Amino acid sequence: MTDTHKKKPDRSLSDAEWRQRLTDEQYRVLRHKGTERSFVGECVDTKSGGIYRCAGCGEPLFSSATKFDSGSGWPSFWEPVGTDSVVMRVDLSHGMRRTEAECGHCGSHLGHVFPDGPKPTGERYCVNSISLALDPDDAGGRDADGE
Ligand code: FE
């Protein structure tokens, strides 16, 4: 993938800089494609309105308006905020063929995308809580009931 993003510094952070920026658990998940345990993440049951930003770089990833309760134990969304905000990759690890989702800005691992989500997209972005930071003050966010 070519790196043509306007704000590209986050793509060039060194491993040491990532270690400094993130907590140990964030570093494991975001930079080494780890997975947090289900049902323990801070954002799993959150229904507040706002924008979920990347915990690695702060770029907006998902709106609370597209969050739904998937029962998986991880925050789930049916659509990212923008076409470039989340990038998909084929993930063949652990003997499975899955679609990995990563931040389009800094490349941090977010989670996986599955084709069993609700309408209108039918997609389920299954995201680690620790990869997200809810920004409740951001205008435009609605709560999970769409109100
Ligand atoms: Fe990011």
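Summarised in this report is the structure supplied together with it. (Residues numbered from 1 in each chain as written. Predicted model: local features only at pLDDT ≥ 70, side-chain atom pairs only at ≥ 80, totals over all residues.)

So, about the overall build of the protein. Within the protein, the secondary structure is distributed over two helices and nine strands. In sequence order, the protein lays out its α and β elements as α-α-β-β-β-β-β-β-β-β-β. With 147 residues in all, the protein has 38% of them scored as buried. Of the contacts formed within the protein by residues at least 6 apart in sequence, a portion of 59% connects residues at least 24 apart. (Helix = DSSP H or I, 4+ residues; strand = E, 2+ residues; numbered from the N terminus. Buried ≥ 20, exposed ≤ 12 C-beta atoms within 10 Å, placed from the backbone. Contact = placed C-beta atoms within 7 Å.)

This paragraph deals with the nonpolar core. Ranked by internal contacts, the top residues of the largest apolar core, which has 25 residues, are Leu61, Cys103, Tyr125, Val127 and Leu132. Contributing elements (two or more residues each) for this core: α2 (24-32), β1 (51-54), β2 (60-63), β6 (98-103), β7 (109-114), β8 (124-127) and β9 (132-135). Those residues in contact with Leu132 that lie beyond four places of it in its chain are Cys43, Tyr52, Ala55, Leu61, Pro75 and Val127. (Core = buried A, V, L, I, M, F, W, Y, C linked by C-beta atoms within 7 Å.)

Purely geometric numbers; function is a separate question.
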